[in-house]
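Chain by chain, the residues run as shown.
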Amino acid sequence: MRKSIASGVLIGMAAYLFLRAEKPWGALLFGFALCFVCLFELDLFTGKIGWFGAKDLPYLKILLGNAIGVVIVCLLLRWNMGVQEEAAALVAGKVALPWYLALINGAFCGVLMFLAVYSWSKGLRAGCFLCVTVFIMCGFEHSIADLAYMAYANVWTWNLAWILVGNWVGAVACRLLMMDNAPFFSLLQTKK
């Protein structure tokens, strides 16, 4: 649980950075959190969920730990001047999303998160910054970061559940399509 909470703390800090930084610096620097998650082998839900069905991991425990870490940071930092207002403006857009766009935007973020963490494991460290910057600049939805923005604003939406499912579906789909011996492609191969 400690590794999950630590990941949540880092994402909460990165969300704070995003709210405070001038554009595009927040998007460019948000990836610091994922770099340290990977470096210290911490447990981030969006970094692990792509392995659902392939690895036996405590996904709900990871999610709970991430939420605890995020909420701790947000409760401490939300009182800084302007943070609640910035977060509320950002969250208003997430509240207004139709459920299917929350799901789709979550799925594309899931793809990018799987690619980011997998690229780190293969030695491409820049993948963390690149993929995180891309998902932020595209407006894709990251469930743990969105939880942080909602905690900073103290505004909640059921769209967070759709975003979370989207992160899951996108990450798993990416793994199934991209990995060697992926089940999807083995079904398409003809036997000789």
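Up top is the structure these notes are about.
The rules behind each value
Residues numbered from 1 in each chain as written. Predicted model: local features only at pLDDT ≥ 70, side-chain atom pairs only at ≥ 80, totals over all residues. Heavy atoms only, no water. 1 Å grid on protein atoms, 1.4 Å probe; cavity = no way out; pocket = protein on both sides within 12 Å on 5 of 7 lines; lining within 4 Å. Points joined across faces, edges and corners; volume = space filled by probe spheres on them. Nonpolar A, V, L, I, M, F, W, Y, C, P; charged D, E, K, R; others polar. Phe/Tyr/Trp six-rings, centres within 6.5 Å; stacked < 30°, edge-to-face > 60°. Helix = DSSP H or I, 4+ residues; strand = E, 2+ residues; numbered from the N terminus. Buried < 20%, exposed > 50% of the residue type's maximum accessible area, 1.4 Å probe, protein only. Patch = residues over 30% accessible without salt bridge, like charges linked within 9 Å, V, L, I, M, F, W, Y side chains within 5 Å. Areas by Shrake-Rupley, 256 points an atom, 1.4 Å probe, with all protein chains shown as cover. Salt bridge = Lys/Arg side-chain N within 4 Å of Asp/Glu carboxyl O.

A. Inspection of empty space enclosed by the protein at higher detail. Enumeration according to the criterion identifies one cavity of 30 Å³ or more in this entry. If you trace the largest cavity, you find it lined by Ile11, Phe30, Gly31, Ala33, Leu34, Met113, Val132, Phe135 and His142. By residue class, the composition of the lining of the largest cavity is seven nonpolar, two polar and no charged.

B. Seen up close, the packing of aromatic side chains. Under the counting rule described, the total for this entry stands at 10 aromatic pairs. Taken together, a centroid distance of 6.1 Å and an interplanar angle of 45° make the contact between Tyr16 and Tyr152 tilted. With Tyr16 in helix 1 (residues 2-20) and Tyr152 in helix 9 (residues 143-153), this pair connects stretches of sequence that are 136 residues apart. Note on Tyr152: relative accessible area 0%, which makes it buried. Residues Trp99 and Trp162 carry aromatic rings whose centres are separated by 4.7 Å and whose planes lie at 40° to one another, so their mutual orientation is tilted.

C. Layout of a nonpolar patch on the surface. Taken together, the side chains of Trp99, Tyr100, Leu101, Ile104, Phe108 and Trp162 define a hydrophobic patch exposed on the protein surface, amounting to about 590 Å² of accessible area. Counting residues per element, the nonpolar patch draws most heavily on helix 7 (residues 99-121), at five residues. In this structure Trp99 comes out as partly exposed when scored by relative accessible area, which is 45%.

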